[in-house]
Structures are given as C-alpha cells and as structure tokens.
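Reading the structure
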Amino acid sequence: MTSPAYKMLVADSSASFQAWIPQVFTPAMGVRITGQILDGASVLPAIRNDRPDVLLLDLFLPPQDGVALLDEIMRQAPVPVIMFSSVYCPSDSEIFLECYEHGALMVLVKPRTLPEMQVIAQSLRELITRAAGTSSDKLIIDYLETRKHVLGREKAWAARRGVGIISSTGAVEILRDILLKLPPNLPAGVLVAQHMYGPVWTHFVASLASKVLLPVKLAQGGEVVREGVILLSPTDKTLLLQKTSCGRISRLEKVKTFTEWQIPLQPNHDAFLKSVAECFGRKAVGIVLSGMGEGGVEGARAIRDKGGEVWVQDPRTAAAPSMPEACLKAGVATRVCKPEEFSPALAQFGVSGGVGNGDD
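Parameters and conventions
- Residues numbered from 1 in each chain as written.
- Predicted model: local features only at pLDDT ≥ 70, side-chain atom pairs only at ≥ 80, totals over all residues.
- Heavy atoms only, no water.
- Patch = residues over 30% accessible without salt bridge, like charges linked within 9 Å, V, L, I, M, F, W, Y side chains within 5 Å.
- Areas by Shrake-Rupley, 256 points an atom, 1.4 Å probe, with all protein chains shown as cover.
- Salt bridge = Lys/Arg side-chain N within 4 Å of Asp/Glu carboxyl O.
- Lys, Arg positive; Asp, Glu negative; His and termini not counted.
- Charge placed at Lys NZ, Arg CZ, Asp CG, Glu CD.
- Helix = DSSP H or I, 4+ residues; strand = E, 2+ residues; numbered from the N terminus.
- Pairing = 2+ DSSP bridges.
- Axes fitted to C-alpha atoms, helices over the stretch in contact; angles between N-to-C directions.
- Contact = heavy atoms within 4.5 Å.
- Expected span 1.5 Å × (residues − 1).
- 1 Å grid on protein atoms, 1.4 Å probe; cavity = no way out; pocket = protein on both sides within 12 Å on 5 of 7 lines; lining within 4 Å.
- Points joined across faces, edges and corners; volume = space filled by probe spheres on them.
- Nonpolar A, V, L, I, M, F, W, Y, C, P; charged D, E, K, R; others polar.

Right, let's get into a positive patch on the surface. On the surface, Arg112, Lys237, Lys254 and Lys256 cluster together into a positively charged patch. Within the element layout of this structure, Arg112 appears in the loop between strand E5 (106–109) and helix H5 (114–132).

What follows is about the sheet that holds E5. Taken in spatial order, the five strands make up an open sheet running E2-E1-E3-E4-E5, and their pairing is parallel. Edge positions in the sheet fall to strand E2 (31–37) and E5, since each has one partner strand and no second. When the angles between neighbouring strand axes are averaged without regard to direction, this sheet yields 20°. For strand E1 (residues 6–11) and strand E3 (residues 54–58), the ladder comprises four bridges, and the chain directions are parallel. The residue bridging Ala11 from the neighbouring strand is Leu57, located in E3. Across the face of the sheet, helix H1 (residues 15–24) comes into contact with E1, E2, E3 and strand E4 (81–85) while running at roughly 160° to E2. Where helix H4 (residues 94–101) meets the sheet, its contacts fall on E4 and E5, and the angle it forms with E5 comes to roughly 150°.

Attention now goes to helix H8 (residues 198–209). The terminal C-alpha atoms of H8, which comprises 12 residues, lie 17 Å apart, in line with the 16 Å expected from a rise of 1.5 Å per residue. Of the surrounding secondary structure, the elements contacted by the buried residues of H8 are helix H7 (172–180), strand E7 (189–194), strand E8 (216–218) and strand E9 (230–232).

Moving on, we get to the layout of surface pockets. Its boundaries defined by the atoms lining it, the largest pocket holds a volume of some 480 Å³. Elements represented by at least two residues in the lining of the largest pocket include exactly helix H3 (66–76), helix H6 (136–151), strand E10 (238–244) and strand E11 (247–253). Partitioning the lining of the largest pocket into residue classes produces nine nonpolar, four polar and nine charged.

Taking 1.5 Å per residue as the helical rise, H6 with its 16 residues ought to reach 22 Å, and the 22 Å between its terminal C-alpha atoms agrees with that figure. Elements in contact with the buried residues of H6: H3 and H4.

Dropping the structure here:
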C-alpha cells in the first residue's frame, strides 16, 4: 500500500518559482501541494485550513518579509519551514542566521532556472520528508530555546541611519583618513563604494581593518547593516541594500546600466546611492569624493528627493574633481567639505540637531 504524500504549502512571490513547483514535486514523489500563495497575508489562514506537513517560504514575501512572518507562524501555528532567498547569500550570512534564529529548519538560495530546480528536487524532497516528521511541540520548544539564546546575546543594533560614500580616482587617501577618524560609537551604518583594482582593494580593506576603530567588512551578501560598522562593496559587483524586518541587508549585483557620463565600472555609484536612499530615506547622508566622470549625480538626487543630505568634497581639494563638481552643478549637494571636515561632521550625524532624527 502506497504511503500518503506529505502535504506541502508554498508561499512565494515569484511566479516562475511557483510554476516550477508542480513540475518537480508530485504525489508520485511523495509530496502533495495543498496551496500556492503569492502574498504573506494569506499564509497563516492557509496553514490553519490546510494543515500542511511543511511550508516553503519566500524570504522576501510581501507585504512583510518572510522572517517577520516566520516569527508569527512559530508563535501561532507552528509548522516545519524551509525558506528560499532570491538574493544570493553565503550559508553563514547574517540574514540566513536570522531565519534559523526565528525557527527555520533550512534556508536555501532560490534556483534561477527550472533545470537548477530539478537538480535540487530530490535532496529537497528528502529534506521535506525529514521536516514533515517534526512535531508542533518540538517546533515550539526549539523556537523558544533559540529565541532565549538570541535575546541574551549582545550585538550591534541594526542601523536606522546610513552613510553612503562613493569615491574613485584620487580619493583613496582621503577615504582612509575619513574612516580612520570615525568615532567608535557612530550611530549609523557606513557603506563604501570605491573604484579600485580588485587585489589592491582587498589589500586596502585588510590594512584598514587592522587600524580603524570600527569593525570593517567586505560585503559578501546577506549582512545586516549595523550601527558603527563599515561595509565595503567589492569591486566586481555593486553593494545594494534591501529592507527586511531584521534591518537593511546587503545584496551584491553586477549592475550593467550606465549613463553616458558614468565611468562603466563596478560598483555602480548611482545604483549604490539610490539603494541607500531607498532604504534610509531622510536618515541618509551621501558623500561624494574625488573621481572622474559624473557617476553619482542621479544617486545623490535620489537621496535629496527622499529628504536626506549630500555632502561633496570641495573640488579645489580633489585630484579628480569631476564627481563633486557634477553634483554641485546639478544642485543636489547640501554641504561642501574639505577632506578634514568629513569625520567631525559624521561624528555629529544622528545626534540632537543632526540629520534624520526621529523614528522610522
């Protein structure tokens, strides 16, 4: 006699991912799909109605992300959850760890094609089989124990204010000086996008990390932007941000669209600053240092449009003044600074009377 198929509920905002699921999971594989949901609001009612053995959950499921929804599921209707992320993140990334800390049994990077989905289908089916045998009582106990451990562990606050620095030709020494002089209690996350040859940049980051007062990290994807932490873009991709209930997290993309006056290099300065604007709004400061071309103008404009500020290096002090000059010409700069003025100004960022005070 054939054993009954495990019941699986799928909650994912990707139409293509949803279309692949019935092609790789069938009752013949021992999995029966009880529902396919595109938004987070319908998940808890579906769990209560369908009583699935396992839930596949999108990490970035609107209107709230999957981490916040996962927390509700574990508190109100516990079910084994396997999460998928559309953003590539290392297995030990902060956002994946956040998922585990809120009760996920497994977190995976989402396949980008049907053949990729087919490759992982059998191992995922085995994972579903193991997950489906987990009792509600065990899920609740494990969740409460994990949350107790997490709440007892100190870590830097997720940043509610962000500083995005773009720099290129002639800015390396100034950038180093700014970062070395930042105070250890800076109430903001610092994000940097510098044009530089990859191996030289790697050496620069290692040297900087050994000297600066704040923690320094080269972004790999999935980091939570935290207060008093410097996160630097790699030079073969662009550091971008995405809002989650855990804070703003990093994602890396090779941005291929450039305007006529941009230097076509990664990181893409406009995409970087636009992402800072989108995630931090009026609590963002964009800093434009020395560099050739006019990259960064549209990103700086996005920060201004969201109510943030744009500080530019005094072109008279820049080895390559094109980038700060372009921002001044476009009328998007709110402040012009000599190199030695940036760090003292940032030390005041977020304090009484500073930029972007108030709640999110």
